[in-house]
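Each chain, written out:
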Amino acid sequence: MASSARPGTGPSEEFRFPGNRLGLPEHGPGSVASWGRRILALLLDWLIAGLIASAVTSKPIWAGGNDFNTAQLITFFAMTAILTGLAGGTIGHRVLGLRVLNLNGRGQTGYAAQVGLLGGVIRALLICLLIPAVVYDRDRRGLHDRAANTVVVRR
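This paragraph deals with the overall build of the chain. The number of helices and strands found in the chain is six helices and two strands. Its helices and strands taken in sequence order, the chain reads α-α-α-β-α-α-α-β from the N to the C terminus. Across the chain, every contact between residues at least 6 apart in sequence was considered, and the portion connecting residues at least 24 apart equals 61%. Taken as a whole, the chain presents about 9,000 Å² of accessible surface, with 63% of it coming from carbon and sulfur.

Pasting the structure below:
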């Protein structure tokens, strides 16, 4: 005899939508950011880092090369670490209506404290390693977010 789920059962209350376990809303401001927005923000930040690296190395962005690639990666790391840590998000996050919240400082108002420079450095370092950023949980938090105890939400 085959077993089947009981009719009318759905996801448990704990896993209804990304961010539910964290006390975040399902839709609107404060909800967990979609993959599309997060990827576009990352690409925009990478492009900005490339433009800065192009100005520093005096090479066009399409020329590439080891010195340009290293300059772009260092610029991306510094930009991501500083802006996320101190401003709550990168330029790409701001343009696409996202922000990074620190889950350590959740207060009674539901707003999270600033990520801080150490949290920004941890996130940026793990994003630059790439693999931690593509391994994620049900709340769309990559290993970089889990290590820094952060989450990316809509503004």
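There is more to say after this.
Moving on to the side chain of Asp-137. Tracing the chain through its elements places Asp-137 in the loop between helix H5 (131-134) and helix H6 (143-148). Among the polar contacts made by the side chain of Asp-137, one reaches the main-chain amide nitrogen of Asp-139 at a distance of 3.0 Å. The residues contacting Asp-137, other than those within four sequence positions of it, are Arg-21 and Arg-146.

Take the packing of aromatic side chains next. The description of an aromatic ring pair uses the distance of the two centres, along with the angle that the planes make with each other. One pass over the full model with this rule turns up two aromatic pairs. The interplanar angle of 65 degrees and the centroid separation of 5.3 Å between the aromatic rings of Trp-46 and Phe-76 together place this pair among those described as edge-to-face. Of this pair, Trp-46 sits in helix H1 (residues 35-57) while Phe-76 sits in helix H2 (residues 66-87), placing them 30 residues apart in sequence. Using a relative accessible area of 3% as the deciding quantity, one classes Phe-76 as buried.

With that settled, the discussion passes to the confidence of the model for the chain. For the chain, per-residue confidence averages 87 on the pLDDT scale, and 86% of positions sit at 70 or higher. Here H5 stands out as the element of the chain with the lowest mean pLDDT, 88, in contrast to helix H3 (residues 91-95), whose mean of 97 is the highest.

All right, on to a nonpolar patch on the surface then. A cluster of nonpolar residues, Trp-35, Ile-39, Leu-40, Leu-43 and Tyr-136, forms a patch on the protein surface that exposes about 520 Å² of accessible area. By secondary structure assignment, the location of Trp-35 is in helix H1. Residue class for Trp-35 comes out partly exposed when judged on its relative accessible area of 31%.

This part covers the pattern of salt bridges. Inspection of the entire model under this criterion finds five salt bridges. Here Arg-21 ties to Asp-139 by a salt bridge, and the two come within 2.8 Å at their closest N and O atoms. Placement of Arg-21 in the segment before H1 and of Asp-139 in the loop between H5 and H6 is noted, with a sequence separation of 118 residues between them. The exposure class assigned to Asp-139 is buried, which follows from its relative accessible area of 3%. A salt bridge links Asp-137 to Arg-146; its shortest N-O distance comes to 2.7 Å. One continuous salt-bridge network, built from bridges that share partners, spans Arg-38, Arg-123 and Asp-145.

With that out of the way, let us pick up the environment of Met-79. With respect to the helices, strands and loops of the structure, Met-79 is situated in helix H2. For Met-79, a relative accessible area of 11% puts it in the buried group. Residues Met-79 and Asp-45, 34 residues apart in the sequence, show an inter-C-alpha distance of 8.4 Å. Residues contacting Met-79, with those up to four places away along its chain left out, are Asp-45, Ile-48, Ala-49, Thr-84 and Ile-91.

Helix H4 (residues 117-128) packs onto H2 with a crossing angle of 145 degrees between their chain directions and a minimal axis gap of 7 Å. The handedness of the crossing between H2 and H4 comes out as right-handed. Note on element contacts: H4 touches H2 through Leu-117, Gly-120, Val-121, Arg-123, Ala-124, Leu-125, Ile-127 and Cys-128, opposite Leu-73, Phe-76, Phe-77, Thr-80, Ala-81, Ile-82, Thr-84, Gly-85 and Leu-86. Considering only residue class, the contact of H2 with H4 consists of twelve nonpolar, four polar and one charged.

Procedures and definitions
- Residues numbered from 1 in each chain as written.
- Predicted model: local features only at pLDDT ≥ 70, side-chain atom pairs only at ≥ 80, totals over all residues.
- Heavy atoms only, no water.
- Helix = DSSP H or I, 4+ residues; strand = E, 2+ residues; numbered from the N terminus.
- Contact = heavy atoms within 4.5 Å.
- Areas by Shrake-Rupley, 256 points an atom, 1.4 Å probe, with all protein chains shown as cover.
- Polar contact = N/O pair within 3.5 Å; in protein donor to acceptor, adjacent residues only side chain to side chain.
- Phe/Tyr/Trp six-rings, centres within 6.5 Å; stacked < 30°, edge-to-face > 60°.
- Buried < 20%, exposed > 50% of the residue type's maximum accessible area, 1.4 Å probe, protein only.
- pLDDT = per-residue confidence, 0-100.
- Patch = residues over 30% accessible without salt bridge, like charges linked within 9 Å, V, L, I, M, F, W, Y side chains within 5 Å.
- Salt bridge = Lys/Arg side-chain N within 4 Å of Asp/Glu carboxyl O.
- Axes fitted to C-alpha atoms, helices over the stretch in contact; angles between N-to-C directions.
- Left-handed = near helix turned anticlockwise from the far one by under 90°.
- Nonpolar A, V, L, I, M, F, W, Y, C, P; charged D, E, K, R; others polar.

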